[in-house]
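One-letter residues, chain by chain:
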Amino acid sequence: MKQTVDKFRSSLPGTAKAERDIVALGVAVAAIILFVGTGGTIMHKIVRSSLGLGPQPDSALTATVLLNIALLIFGWRRYSDLHQEVAERRRAEERANQLAAMDPLTGSLNRRSGGPAIDKLLEDARASRREVALLMVDLDKFKQINDLNGHKMGDAVLVEIARRIGELLPSEGILARIGGDEFVCALPYDARDSGDIDRLALQLIASVSAPINAYEMQLEAAVSIGMASSGEHFDATEPDAEALIHHADMAMYHAKKHGRNRYFWFEPAMERELRHRNDLETGIRRGIPAGEFVPFYEQQIDLETGELVGFEMLARWQSPVFGLVNPDTFIPIAEEIDQIGALSESLIRQALDDAKEWHQKLTLSVNVSPMQMRDPWFAQKLLRLLIESGFPPSRLEVEITESCLHENLGAVRAMVTSLKNQGIRISLDDFGTGYSSLSQLRALPFDRLKIDRSFVSELANEGMGHELVEAIVSLGRDLSLPMTAEGVESHEILAKLRSFGQLKGQGYLYGFPEDAIATRARLARLDLLVNGKPGVEPTPVGETKDENETADRKAG
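Keep in mind that this is a model prediction, so the values were computed, not measured. (Residues numbered from 1 in each chain as written. Predicted model: local features only at pLDDT ≥ 70, side-chain atom pairs only at ≥ 80, totals over all residues. Heavy atoms only, no water.)

Secondary structure summary: the protein contains 19 helices and 17 strands in total. Taking all 556 residues of the protein together, the buried fraction comes to 47%. By sequence separation, contacts in the protein at least 24 residues apart represent 71% of the contacts at least 6 residues apart. Accessible surface, the protein: about 27,400 Å² in total, of which carbon and sulfur atoms supply 53%. (Helix = DSSP H or I, 4+ residues; strand = E, 2+ residues; numbered from the N terminus. Buried < 20%, exposed > 50% of the residue type's maximum accessible area, 1.4 Å probe, protein only. Contact = heavy atoms within 4.5 Å. Areas by Shrake-Rupley, 256 points an atom, 1.4 Å probe, with all protein chains shown as cover.)

Where helix α5 (residues 142-149) contacts helix α6 (residues 151-168), the axes come no closer than 7 Å and their chain directions differ by 140 degrees. Classified by the angle their axes make, α5 and α6 are oblique. On α6, the residues touching Phe 142, Ile 145, Asn 146 and Asn 149 of α5 are His 151, Met 153, Gly 154, Val 157 and Leu 158. Looking at side-chain class alone, the contact of α5 with α6 contains 5 nonpolar, 4 polar and no charged residues. (Axes fitted to C-alpha atoms, helices over the stretch in contact; angles between N-to-C directions. Parallel < 35°, antiparallel > 145°, perpendicular 65-115°, else oblique. Nonpolar A, V, L, I, M, F, W, Y, C, P; charged D, E, K, R; others polar.)

On to the confidence of the model for the protein, then. In this model, the protein carries an average pLDDT of 83, and 78% of its residues clear a pLDDT of 70 or more. Counting interchain partners and residues more than four positions distant, the pLDDT-below-50 stretch residues 540-547 has 13 contacts. (pLDDT = per-residue confidence, 0-100.)

Right, let's talk about the side chain of His 254 for a bit. Along the chain, the position of His 254 falls in helix α8 (residues 241-257). Since its relative accessible area comes to 13%, His 254 is described here as buried. Here His 254 is in contact with Phe 264, Met 270 and Glu 273, once residues within four sequence places are set aside.

Let us look at the nonpolar core. Counting 76 residues, the largest nonpolar core has Leu 364 and Leu 497 as the members making the most contacts within it. Looking at this core, the element that brings in the most residues is helix α11 (residues 340-355), giving 7 residues. Non-local contacts of Leu 364, meaning those with residues more than four positions away in its chain, are made with Tyr 297, Phe 311, Met 313, Ala 351, Leu 352, Ala 355, Trp 358, Phe 391, Arg 395, Leu 396 and Glu 397. One finds Met 153, Cys 185, Tyr 189 and Leu 219 within the second-largest nonpolar core, a separate group that totals 33 residues. (Core = buried A, V, L, I, M, F, W, Y, C linked by side-chain atoms within 4.5 Å.)

A few words now on the environment of Ile 426. Relative to the assigned elements, Ile 426 resides in strand β14 (residues 425-431). The spatial distance from the C-alpha of Ile 426 to the C-alpha of Val 398 is 5.0 Å, given a sequence separation of 28 residues.

Moving on, we come to the side chain of Asn 110. Of note, Asn 110 is situated in strand β1 (residues 109-110). Of the polar contacts made by the side chain of Asn 110, one reaches the backbone nitrogen of Arg 112; its length is 3.1 Å. (Polar contact = N/O pair within 3.5 Å; in protein donor to acceptor, adjacent residues only side chain to side chain.)

It is worth spelling out the sheet that holds strand β7 (residues 223-229) at this point. Spatially, the 6 strands line up as an open sheet ordered β1-β3-β4-β2-β7-β8, and their pairing is mixed. Pairing within the sheet leaves two strands with one partner each, and these edge strands are β1 and β8 (263-265). Pairing analysis gives 7 bridges linking strand β2 (residues 131-139) to β7, with the strands arranged antiparallel. Paired with Leu 135 across the bridge in β7 is Met 227. Set on the sheet, α6 makes contact with β2, β3 (174-177) and β4 (182-189); between it and β4 the angle comes to about 5 degrees. Here helix α7 (residues 195-209) sits on the sheet in contact with β2, β4, β7 and β8, set at roughly 165 degrees to β7. (Pairing = 2+ DSSP bridges.)

On the surface, a cluster of negative charge is made up of Asp 119, Glu 123, Asp 240 and Glu 242. Summarising the element assignment, Glu 123 is placed in helix α4 (residues 111-127). (Patch = residues over 30% accessible without salt bridge, like charges linked within 9 Å, V, L, I, M, F, W, Y side chains within 5 Å. Salt bridge = Lys/Arg side-chain N within 4 Å of Asp/Glu carboxyl O. Lys, Arg positive; Asp, Glu negative; His and termini not counted. Charge placed at Lys NZ, Arg CZ, Asp CG, Glu CD.)

Let's shift gears to unusual backbone geometry. Within the chain, Arg 260 stands out as a residue other than glycine whose phi angle is a positive 65 degrees. Here Arg 260 is to be found in the loop between α8 and β8. Looking at Arg 260, the relative accessible area reads 25%, which means it is partly exposed. Positive phi is not limited to glycine here, since Asp 527 has a value of about 55 degrees. Asp 527 sits in the partly exposed class, given a relative accessible area of 48%.

Owing to its 3.6 residues per turn, the α-helix aligns residues three or four sequence positions apart on the same side. Compared with the 24 Å implied by 1.5 Å per residue over 17 residues, the 24 Å span of α8 between its first and last C-alpha is a close match. Taken together, the buried positions of α8 are Ala 241, Leu 244, His 247, Ala 248, Met 250, Ala 251, Met 252, Tyr 253, His 254, Ala 255 and Lys 256. Taken together, the buried residues of α8 touch α4, β2, β4, β7, β8 and α9 (268-290). (Expected span 1.5 Å × (residues − 1).)

Taking 1.5 Å of rise per residue, 15 residues should cover 21 Å, and α7 covers 21 Å from first to last C-alpha, within 8% of that figure. Tucked into the core, α7 has its buried residues touching β2, α6, β4, β7 and β8.

The next thing to look at is the packing of aromatic side chains. Within the structure shown, the criterion is met by 8 aromatic pairs. Measuring from centroid to centroid gives 4.9 Å for Phe 293 and Trp 317, while their planes differ by 20 degrees, and the two rings are stacked. Here the residue Phe 293 occupies a position in strand β9 (residues 293-302), and Trp 317 occupies one in strand β10 (residues 308-319), the gap between them amounting to 24 residues. Assessed through its relative accessible area of 1%, Phe 293 is described here as buried. Through pairs of rings, three or more aromatic residues link up here, namely Phe 293, Trp 317, Phe 322 and Phe 330. One residue, Arg 316, lies across the ring of Phe 296, its end atom 5.3 Å from the ring centre. (Phe/Tyr/Trp six-rings, centres within 6.5 Å; stacked < 30°, edge-to-face > 60°. Lys NZ or Arg CZ within 6 Å of the ring centre and 35° of its normal.)

Have a look at this one:
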């Protein structure tokens, strides 16, 4: 990488021969000519007179010679000073050009200079009948590193990552930082053997994954890599740096979508996928203020008595362009484009207004994204929504996923405590799918545990499913925490859950999630809008299911 940087510096403007002050130089030359012309006839007389060996020369000629000497000294001094000033200015301009072309943090090229350098590499590679591979390297979850450890640590991570990448690149390779946590690598290779580039990508992933030590801390990073070749997918056109970066960027997004910490070569299908993704992003940004995202409600039942005790709010996107969009599709995108907070707030506001009409015995459960748990103002935002709607905090239950406990336990504890101080109940969702310890469960004041549907569904099969759910229920009982089972989808599962004792349950056995109008009609039939004993009999699962049944992600 250093050779690439030095080569780029040598091509910067300002390295031509120094400018010269012609006027000052002309004065000095004229003074020299005049001195030669007059000094030859008078100078020896002045020397002899000063030694007392001859008469004093003509005073006018003597004055002319002295003036000549003064002009010569002045002209040369002026020329020397101006020459030095121009040289310093040239060095300053060269340094400014270098700073404009280099990334000041990592010392690699930046976006402004990276493109021309890659274009030059493409030109040289074509002349030598080689291809150029471009690798888009993006750090996974770098924002989380900054948020949890500070920007100073984040900068140290970027510097170390750039150093590791640079060490793996060949001498003719190019490294440029084109974004906050995005690097571009370009290098020529023999088109007959692209395996070298695959090996380089694997080496990059392994190198970046090694622990990073800085400021008495140790962090681990990971990267997603997208790769593109100048010899593929460009038809008859000659690709430039911008085209290669565009293809590699799409491949990098594909790597992130498929689990991160891996690499993919660009394929044309990725471009169609990315266009659809961009359309979804635009639709989400437009759809939130337009009210296209609406809450649906899934019944929660006391399994022992069969009574309806509350609802869990689920997210649905009723898009005029895409139709009813699967939550598994739009929620991850909303999180990535930092719209999950606005989406969640909109859904909770609608749900609180709907739930005000329900019987006071019915609770409302809402899910929050791990990103919202990192928002220090989330508790205050939720309190504001409760005040605006007039909904009692004691009837609201906030569900957080088990994965939140591994990001920043201290921040989660502070958030949970703040919510409970407002009278809101807290449940741990998807219990058993993560790695929470007993100490974490004791340290956080949860009010309820929710058994993930993946465990509950195993009750329908012979094997360890029964023992596993029984163990989870026993753990919750030992911790004095009520439990809710998700995924109650058959009478067989219901019967086995009832054998474990007092539990709440929810699932398609009791009906599919419904919008606010259908939910209100259901409650009206049960006389649960004002008064009445909540109760509903389970109904068999029908053949036609909600299209979101198998992938029901939750927001709120």
